Amino acid sequence: MPLTDEQKLVRDTRNKNMLVSAAAGSGKTFVLVERIISEILDEKNGIDVDRILVVTFTTAAAGEMKDRIRKAIDAAIMKNGADGRLRAQATLIHNAHIRTIDSFCSWVVKNYFYEIDMDPSFRIGASGELKMLNDNIFSDLLSAKLEEGDEDFKNLADAYISGRRTDTLRDMVFELHAKASSFAWPDEWYDSALKLI
Ligand SMILES: Nc1ncnc2c1ncn2[C@@H]1O[C@H](COP(=O)(O)OP(=O)(O)OP(=O)(O)O)[C@@H](O)[C@H]1O
Ligand SMILES: [Mg+2]
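Calculation criteria
- Residues numbered from 1 in each chain as written.
- Chains lettered and ligands numbered in written order.
- Predicted model: local features only at pLDDT ≥ 70, side-chain atom pairs only at ≥ 80, totals over all residues.
- Axes fitted to C-alpha atoms, helices over the stretch in contact; angles between N-to-C directions.
- Helix = DSSP H or I, 4+ residues; strand = E, 2+ residues; numbered from the N terminus.
- Parallel < 35°, antiparallel > 145°, perpendicular 65-115°, else oblique.
- Left-handed = near helix turned anticlockwise from the far one by under 90°.
- Contact = placed C-beta atoms within 7 Å.
- Near = placed C-beta within 6 Å.
- Nonpolar A, V, L, I, M, F, W, Y, C, P; charged D, E, K, R; others polar.
- Domains from an automatic or database assignment.

1. With respect to the packing of helix α2 (residues 28-41) against helix α3 (residues 59-79)
Packed helix pairs are specified by the crossing angle of their axes together with the interaxial distance, meaning the distance between the axes.
Then comes step 1: Contact geometry for α2 and α3: axes closest at 10 Å, N-to-C directions at 40°. Here α3 runs oblique to α2, going by the angle between their axes. Between α2 and α3 lies a crossing whose hand is right-handed. Across from Val33, Ile36, Ile37, Ile40 and Leu41 in α2, the residues of α3 making contact are Met65, Arg68, Ile69, Ala72, Ile73 and Ala76.

This is the structure in structure tokens:
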């Protein structure tokens, strides 16, 4: 089945940012794979496959993309086995960044931990474990702030803590934290939010 004119445009346009939005099952992934393959196999300006970053949401999608690109490289080698650059791609694909967004982020942090003063032996916490850590940090912070006796904080505590029940305040803090964490620069987001008051 040949590509439609629109699919060809998506495959062949270069040096531009592109957003492709189309109905489910209309061939978005198909044409993206076609595009990657044509960038790799381009005779004049071919890009090495390990210089391309492809991120997906699921491991299955990443696996399928990698598989299809690998097959296309193998097919090209079958046609033109003498091409050294082409044969190199079959090796480079093993280290290609065709992975989930989570796995890519984890790779960046593991390889550049020293840039952000991160312990290189870090690991991803399980959700129950993270919740416990968060709860402990919240309790410690709450005790410390209450002891400090800041007037504004006392008013906040009076309004949102009833007896020994701190969950309303805790939920608000966590909700705010989650919102701030969704921005690239959370501290700046907090500052701009404060200016609205
Ligand atoms: N021009 C084409 N020639 C041959 N097959 C095509 C063409 N366009 C799409 N297909 C086929 O259509 C099917 C659906 O394509 P694809 O999975 O890429 O769609 P999608 O838009 O990514 O779907 P989703 O929204 O579910 O992710 C695939 O089997 C793909 O091979
Ligand atoms: Mg798809």
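2. Observations concerning the site of ligand 1
Then comes step 1: In the neighbourhood of ligand 1, the contacting residues comprise Met1, Leu3, Thr4, Gln7, Ala22, Ala24, Gly25, Ser26, Gly27, Lys28, Thr29 and Phe30.
Then comes step 2: Residue contributions to the shell around ligand 1 peak at three residues, all from α2.
Then comes step 3: Taken together, the residues that form the shell around ligand 1 break down as five nonpolar, six polar and one charged.

3. A look at the domain arrangement of the protein chain
Size of an interface: often given as the accessible area lost when the parts come together.
Then comes step 1: Here the protein chain is described as being made up of domain 1 (5-116) and domain 2 (127-195).
Then comes step 2: Summarising the inter-unit geometry, the C-alpha centres of domain 1 and domain 2 are found 43 Å apart.

4. Quick look at the packing of helix α1 (residues 5-12) against α2
Then comes step 1: Here α1 crosses α2 at 45°, and the two axes come no closer than 8 Å. On the basis of their axis angle, the class for α1 and α2 is oblique. Where α1 crosses over α2, the two elements pack in a sense that is right-handed. Here Gln7, Val10 and Arg11 of α1 come into contact with α2, specifically with Val31, Glu34, Arg35 and Ser38.

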